[in-house]
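A look at the structure
Read off the chains here:
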Amino acid sequence: MMKTNNPVIKEFWKTFLLKQNLPLDTPVYDVFYFGNTKSVANLCAQLVLDQKKKATSSLYKAYELENQPLPEVGNYSIVVDFDYHPVCIIQTTAISILAFDNMTFEICKREGEDDNLQSWVDHHHEFFTQDALDYGLTFTPDMDVLFEDFQLMYTYNQYIQDKEKMATTTIF
């Protein structure tokens, strides 16, 4: 079930399904932006488009507190910018759960945001601390993180091109 009533996002999703020959009732796992600020959301979305960002991480406990099912391999999600405009569609390719303090650079470098483990730890400690506070929790480095690998499937630019092609195609 799509978690938005935004008609542009709905049309973007429908066009993707048609282009991929997927059933029109294929579910969207999530519609989201990365991070919690406009600059982070838009930077990360661009990193996905540039195919530098191929993973993301989240506070594992948040899924339980929001009563949201964990992502699964094969799920599709729509990445939006901070203003909720569609950017791209991604598909989950792997899920890992590990304690924050067990993160390695081999894993976190797939997020495409940091050049070394310490940079990732610094940025994500700040993010997870705020995220935990939003849930009334205190973040500790032994808390579990859900690490989700994904692949880029479809971009908003492809959608625009596909819409233009469909508008100029005449069916007899």
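Structural notes, computed from the coordinates. Note that this is a predicted model, so its numbers are computed, not measured.

1. Digging into the state of the cysteines
In protein structure, a disulfide is the covalent linkage between the sulfur atoms of two cysteines. One pass over the structure, following the stated rule, counts 0 disulfides. No disulfide involves Cys-44; its sulfur sits 11 Å from that of Cys-88, the nearest cysteine. The class for Cys-88 is buried, based on a relative accessible area of 0%.

2. Description of unusual backbone geometry
Of note, the phi angle at Asn-21 is positive, near 55°, even though the residue is not glycine. Here Asn-21 lies in the loop between helix H1 (7-19) and strand S1 (30-32). Given the relative accessible area of 69%, Asn-21 is considered exposed. The phi dihedral of Tyr-84 falls on the positive side, at around 70°, and the residue is not glycine. Along the chain, Tyr-84 turns up in the loop between strand S3 (76-80) and strand S4 (86-99).

What counts, and where the lines are drawn
Residues numbered from 1 in each chain as written. Predicted model: local features only at pLDDT ≥ 70, side-chain atom pairs only at ≥ 80, totals over all residues. Heavy atoms only, no water. Disulfide = S-S within 2.5 Å. Buried < 20%, exposed > 50% of the residue type's maximum accessible area, 1.4 Å probe, protein only. Helix = DSSP H or I, 4+ residues; strand = E, 2+ residues; numbered from the N terminus.

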